[in-house]
Amino acid sequence: MEYTEKTVKLKNGKTCFLRRGEEADAAMLVDYLKATAGETPYLMREPEEVQLTAEEEWDLIREKNSEERTLNLLAFVDGEHAGNCAFNPVSERSRARHRCTVSIALYRKFWGMGIGTALLGEILDMAKSAGYEQAELEVVSANRPAAALYRKFGFETTGTMPRVMKYGDGTYADFLFMVKTL
Ligand SMILES: CC(C)(COP(=O)(O)OP(=O)(O)OC[C@H]1O[C@@H](n2cnc3c(N)ncnc32)[C@H](O)[C@@H]1OP(=O)(O)O)[C@@H](O)C(=O)NCCC(=O)NCCS
């Protein structure tokens with residue numbers, strides 16, 4: 001869907017610029033997927049599992065931007081790409097059209113500055129204006145910063161799923177299911 005770019009003041013006084021991802025961002029976004037996958041244990045992919053090419057990402061961005069029910073917002077601080085937040089439909093089936101999933105990840109160097117708050121607030125407003133009634137996500141139970149961010153916006157934990165991820169050292173991570181009425 002369309003998005004009118006915006007600037008937001010962060011708690012450290014810096015300005016955060018928000019805009020929709022465009023086709024020309026494709027190579028940058030593939031690098032972002034690989035880097036963020038390596039910077040946190042809380043995302044589903046290992047960096048080497050990001051196999052998407054810039055050309056494939058270009059096509060995906062074009063397809064998503066033509067749809068009314070999805071949005072990928074990018075945040076920039078001092079001209080540097082800090083991270084993304086998106087909503088997508090759970091399903092196009094009529095009985096699930098009121099539900100969207102929300103996702104967010106920032107480069108590690110930008111954590112804790114309020115960018116997650118700026119991005120998520122904006123993406124929830126946009127999801128509501130796109131007609132969704134419910135936002136949903138899954139978060140690793142040990143991911144306290146993310147769960148705190150979601151709770152700050154009114155997400156509630158509705159359930160858990162054990163051993164959703166298994167790491168190279170043999171340990172597991174559980175998921176919390178979180179839901180917010182828009
Ligand atoms: C989760 C993430 C998006 C949060 O974004 P952020 O910009 O760092 O968060 P903010 O600075 O806006 O902080 C939002 C709230 O989160 C909480 N929070 C932030 N950092 C925290 C920390 N280290 N410990 C506990 N709570 C924390 C606070 O409640 C904070 O609210 P406050 O500023 O009003 O006190 C970011 O840390 C990130 O990208 N992490 C890696 C990827 C990831 O885990 N994505 C989520 C997958 S489900």
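As a reminder, the structure under discussion sits directly above these lines.
In this text, all values refer to a predicted model and were calculated from it rather than measured experimentally. Starting afresh in each chain, residues are numbered from 1 along the sequence in its written order. pLDDT decides what is reported in this predicted model: residues at 70 or higher carry local features, side-chain atom pairs at 80 or more are listed and counted, and totals for whole chains, interfaces and linings draw on all residues regardless. Each side-chain value is worked out from all heavy atoms of the structure, with water and hydrogens disregarded.

1. Some thoughts on the pairing of strand β3 (residues 71-77)
(1) Moving on: Under the scheme applied here, a residue whose accessible area is under 20% of the maximum for its type counts as buried, over 50% as exposed, and between as partly exposed, the area being computed with a 1.4 Å probe on protein chains only. Put simply, DSSP marks the helices as runs of H or I at least four residues long and the strands as runs of E at least two long, and each gets a number from the N terminus on. Among the seven residues that make up β3, six are buried, leaving the element largely enclosed by the rest of the structure.
(2) Moving on: Any two strands between which DSSP finds at least two bridges are classified as paired. Two strands pair when backbone bridges link them, and strand β2 (residues 15-20) and β3 are joined in this way by five bridges, in the antiparallel orientation. Among the inter-strand pairings, F17 is bridged to a residue of β3, identified as F76.
(3) Moving on: For β3 and strand β4 (residues 80-89), the ladder comprises seven bridges, and the chain directions are antiparallel. Bridge assignment links A75 to a residue of β4, and that residue is G83.

2. A short note on the site of the ligand
(1) Moving on: Looking at the ligand, there are 21 residues lining it, with L106, G112, G116, T117 and N143 nearest.
(2) Moving on: In this structure, an oxygen atom belonging to the ligand sits 3.5 Å away from a main-chain N or O atom of P145.
(3) Moving on: Those elements that place two or more of their residues in the shell around the ligand are β5 (99-106), α3 (115-129), β6 (134-140) and α4 (144-152).
(4) Moving on: Top element by residues in the shell around the ligand is α4. It accounts for six residues.
(5) Moving on: Among the residues making up the shell around the ligand, the classes are represented as 13 nonpolar, five polar and three charged. When at least one non-hydrogen atom of a residue lies within 4 Å of a molecule or strand, that residue is treated as near it. Polar contact criterion, stated in full: a pair of N or O atoms within 3.5 Å, where within protein one must be able to donate a hydrogen and the other to accept it, and residues adjacent in sequence count only if both atoms are side-chain atoms. Polar here means any residue outside two lists: the nonpolar Ala, Val, Leu, Ile, Met, Phe, Trp, Tyr, Cys and Pro, and the charged Asp, Glu, Lys and Arg; Gly therefore counts as polar.

3. Some words on the pattern of salt bridges
(1) Moving on: For salt bridges, the criterion is a side-chain nitrogen of Lys or Arg within 4 Å of an Asp or Glu carboxyl oxygen. Taken as a whole and judged by the stated rule, the model has nine salt bridges.
(2) Moving on: For E92, the salt bridge goes to R69, with nearest N and O atoms at 3.4 Å. One end of the pair, E92, is in the loop between β4 and β5; the other, R69, is in the loop between α2 (54-65) and β3, and 23 residues separate them in sequence.
(3) Moving on: Take E92: its relative accessible area is 47%, and that puts it in the partly exposed class.
(4) Moving on: A relative accessible area of 12% means that R69 is categorised as buried.
(5) Moving on: Ionic pairing is found between E136 and R99, a salt bridge with its closest N-O pair at 2.5 Å. Placement of E136 in strand β6 and of R99 in strand β5 is noted, with a sequence separation of 37 residues between them.
(6) Moving on: Members of the salt-bridge network, linked through shared partners, are R69, E92 and R97.

4. Observations concerning the nonpolar core
Where a protein is soluble and globular, its nonpolar side chains tend to be buried together.
(1) Moving on: Among the buried residues, those of types Ala, Val, Leu, Ile, Met, Phe, Trp, Tyr and Cys that are joined through side-chain atoms within 4.5 Å form a nonpolar core. Residues F87, I115 and Y150 are the most contacted members of the largest nonpolar core, which totals 45 residues.
(2) Moving on: It is α3 that contributes the most residues to this core, seven residues altogether.
(3) Moving on: The criterion used for residue contact is that any of the two residues' heavy atoms lie within 4.5 Å. If sequence neighbours within four positions are ignored, F87 has contacts with M1, R69, T70, L71, C100, T101, V102, I123, M126, A127, A130 and Y132.

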